Amino acid sequence: MNPAPIDDLTLHAWLDGELTPERRAEVEAWLQANPEAAARVRLWAADRELLRTQLAGVLDEPVPAALEQVLWRKGPARGAGFGAGWQRWAGALALFALGGLLGAGLMWRAQPRAPVIAEATEPAWVTRAAVAHAVYVPEVRHPVEVKAQEEHLSRWLTKRLDVPVKLFDLRAQGFELVGGRLLPDAAGPSAQLMYQQIVPAGASGAEARPVRVTVYLRKPDRGTPAAFRYEQQGALGMFYWVEGATAQGGPCGYALVGELPRERLLAMAEAIYKQGETPTR
Amino acid sequence: MDAPAAFRQQLLGAIPRLRRYARSLVFDTSAADDLVQTALERALAHWHQFDQRRDILVWTLSIAHNAYMDDRRRHARMPMADSNEAQAAIEERHAGDTPDIGLRLDLVAALKQLPLEQREPLLLVTLEQLSYAECAELLRVPVGTVMSRISRARVALRALLDGRVPISAAAQTLRRVV
């Protein structure tokens, strides 16, 4: 057998794991027979380790608050270049102020004729989600139609809504599923999943009723891009969004409703969003 | 419209590695974080262009790369590649007395000496563990170019760390300390 010649590029590709298994075996055999080249490759590998260890420290540093704030800032990002010094800050501030003014102006003007994407939010169904929340959350005896323990809950709702209804796990956020119910909506049936705050075993039962949040799901009116919005109605906070069609089924509108601080609702909304991406368990 | 919270969360997760990459590009911590900030802002502004089947890190790294290139174009001369500055950094760090100082200086100084076109693919492949194909796409050069640049970068880095290409007198002195 006469394998292709092994040059330096091949050796680098070998080190970087870019070769096919057959070629890798060839290179390894060749390296055994060429100790000088093998020593060279070992040095490259050592340099790679040096790079990784020397620069690993950054990964353990906490994310600077300024960077994290960039992520949660509302409104259009400025997307400008980076520089240094006061000019950048002054520029950023000016842009920010201008952006605020522009944003306020746009909001003012765009309110009646909503832009394409805002249509996805259909305030009407979100309002229905809030109403359904208000109606069923105080229920003591019949908060849900089908309890969480019943296996067919997810299948039943999925079938009736014609969108994949997953029973999201919010235990990491301190809430457990109570169950779900089918509700009428303009476009067809919708579903409500109810979650209740997990009360620690030792807590006294005489306290107020545990906090409940509801997830309202429905088939969106048309194929609309994902929007992630927050709305506050008195003490009631709502996150709502539309998810596009996935391998598991068609698009689905979600509204998470609860009397909780925005951050806690957000954490739950994110958990739901994430779980929506993974295949049904 | 604003990026979805889940997308922001994904970006948040990418920050540590973005920071590391930026740091290996511009070395100076605050300049690197400025670059990360720019990359994050651009990512947020263009979030709808992100294909969820792709790796968010590769995507944001490419944004950071583009932002960096834009900035370099803006300031035709790149101060970070200046060997005088590298020298200054060496001396400054020498004053700081961290235990692995000699090693660290040599590596950072050597990295600084590498031309950007070699440094970037080397870092993307060895540090960020991108494939050659991902790296080529990110840098918008053919895979063959990535391969030859990585090859040259490794050889040059080795020579620099070996002291065969004198980095500077200060670095030589420091090497003796180690």
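Calculation rules
- Residues numbered from 1 in each chain as written.
- Chains lettered and ligands numbered in written order.
- Predicted model: local features only at pLDDT ≥ 70, side-chain atom pairs only at ≥ 80, totals over all residues.
- Helix = DSSP H or I, 4+ residues; strand = E, 2+ residues; numbered from the N terminus.
- Buried ≥ 20, exposed ≤ 12 C-beta atoms within 10 Å, placed from the backbone.
- Contact = placed C-beta atoms within 7 Å.
- Pairing = 2+ DSSP bridges.
- Arc of directions from axis to C-beta.
- Nonpolar A, V, L, I, M, F, W, Y, C, P; charged D, E, K, R; others polar.
- pLDDT = per-residue confidence, 0-100.
- Core = buried A, V, L, I, M, F, W, Y, C linked by C-beta atoms within 7 Å.
- Axes fitted to C-alpha atoms, helices over the stretch in contact; angles between N-to-C directions.
- Parallel < 35°, antiparallel > 145°, perpendicular 65-115°, else oblique.
- Left-handed = near helix turned anticlockwise from the far one by under 90°.
- Expected span 1.5 Å × (residues − 1).
- Bend = angle between axes of the 7 residues up to and from the residue.

J.: Can you explain the overall build of chain A? Please cite residues and give values.
T.: Along the backbone of chain A there are 8 helices and 7 strands. For chain A, the proportion of its 281 residues judged to be buried stands at 28%.

J.: Talk me through the overall build of chain B; I want residue IDs and the actual numbers.
T.: The secondary structure content of chain B amounts to 9 helices and 0 strands. Overall, chain B shows an N-to-C arrangement of helices and strands of α-α-α-α-α-α-α-α-α. Within chain B, the fraction of its 178 residues that count as buried is 46%. Summarising the internal contacts of chain B: among those between residues at least 6 apart in sequence, 65% fall at separations of at least 24.

J.: A description of the pairing of strand β4 (residues 212-218) of chain A should follow, citing residues and the corresponding values.
T.: All names here are of chain A. The buried count for β4 comes to 7 of 7 residues, which makes it a mostly enclosed element. Along β4, one buried face is formed by Arg212, Thr214, Tyr216 and Arg218 and the opposite face, lined by Val213, Val215 and Leu217, is buried too. Of the strand pairs in this sheet, β4 and strand β7 (residues 252-258) are connected by 6 bridges, and their pairing is antiparallel. Residue pairing for β7: Val213 is matched across the bridge by Gly258.

J.: Lay out the environment of Glu134 of chain B in plain terms, naming residues and giving numbers.
T.: Residue and element names in this part refer to chain B. Within the secondary structure layout, Glu134 lies in helix α7 (residues 132-139). For Glu134, a count of 21 C-beta atoms within 10 Å translates into the label buried. Residues Glu134 and Trp59, spaced 75 residues apart in sequence, show a C-alpha to C-alpha distance of 9.8 Å.

J.: I'd like a description of α7 of chain B, backed by residues and values.
T.: Residues and elements named next belong to chain B. Where α7 is concerned, the buried positions are Tyr132, Glu134, Cys135, Leu138 and Leu139. Each buried residue of α7 sits inside an arc of 160 degrees when the element is viewed along its axis, so together they form one side. One or two steps after α7, the chain reaches Arg140, where phi turns positive at roughly 55 degrees.

J.: Before we move on, can you summarise the interface of chain B and chain A with the specific residues and values?
T.: In this complex, chain B contributes 47 residues to the contact, which on the side of chain A involves 42 residues. Mapped by element, the contributors of at least two residues to the side of chain B that touches chain A are α1 (5-26), α2 (29-45), α3 (56-74), α5 (101-113), α6 (116-127) and α8 (143-162) of chain B. With 13 residues, the top contributor of residues to the side of chain B that touches chain A is α1 of chain B. In terms of residue class, the side of chain B that touches chain A is made up of 23 nonpolar, 8 polar and 16 charged.

J.: Please provide a residue-by-residue account of the sheet that holds strand β3 (residues 188-197) of chain A, values included.
T.: All names here are of chain A. The 7 strands lie next to each other as β1-β2-β3-β4-β7-β6-β5, forming an open sheet whose pairing is antiparallel. What marks the edges here is a single partner per strand, and that holds for β1 (146-147) and β5 (228-233). Direction of pairing for β1 relative to strand β2 (residues 175-185): antiparallel, over a ladder of 2 bridges. Bridging across to β2, Val146 finds its partner in Gly180.

J.: A description of the confidence of the model for chain B should follow, citing residues and the corresponding values.
T.: Residue and element names in this part refer to chain B. Confidence along chain B averages 78 in pLDDT terms, with 74% of residues attaining 70 or more. Helix α9 (residues 169-177) is the least confidently modelled element of chain B, averaging 40 in pLDDT, while α7 averages 94, the highest of any element. Across residues 166-178, where pLDDT falls below 50, the model places 25 contacts with residues more than four positions away in sequence or in other chains. Prediction confidence for the complex, expressed as pTM and ipTM, is 0.49 and 0.75 respectively.

J.: Break down the nonpolar core for me, with residues and values.
T.: Core analysis: the largest hydrophobic core is formed by 91 residues, its most contacted members being Leu256 of chain A together with Ala64 of chain B. Among the elements that line this core, the one with the most residues is α1 of chain B, at 11 residues. Beyond its immediate sequence surroundings of up to four residues, Leu256 of chain A is in contact with Val213, Val215, Met238, Phe239, Leu265, Met268, Ala269 and Ile272 of chain A.

J.: Help me get a handle on the packing of α1 of chain B against α2 of chain B, residues and values and all.
T.: Residue and element names in this part refer to chain B. At a minimum axis distance of 8 Å, the contact between α1 and α2 shows a crossing angle of 135 degrees. Considered as vectors, α1 and α2 are oriented oblique to each other. Where α1 crosses over α2, the handedness of that crossing is right-handed. For the pair α1 and α2, contact is made by Leu11, Ile15, Leu18, Arg19, Ala22, Arg23 and Val26 and by Thr29, Ala31, Ala32, Asp33, Leu35, Val36, Ala39, Leu40 and Ala43, respectively. Here the residues of the contact of α1 with α2 are counted per class, giving 12 nonpolar, 1 polar and 3 charged.

J.: Report on helix α3 (residues 35-60) of chain A, specifying residues and quantitative values.
T.: Counted at 1.5 Å a residue, the expected span for α3 of chain A with its 26 residues is 38 Å, and the 38 Å between its end C-alpha atoms agrees. The sharpest bend along α3 of chain A reaches about 30 degrees and sits at Gln54 of chain A. Residues of α3 of chain A that are buried include every one of Trp44, Asp47 and Leu55 of chain A, and no others. Contacts from the buried residues of α3 of chain A go to α1 (8-15) of chain A together with α1, α6 and α8 of chain B.

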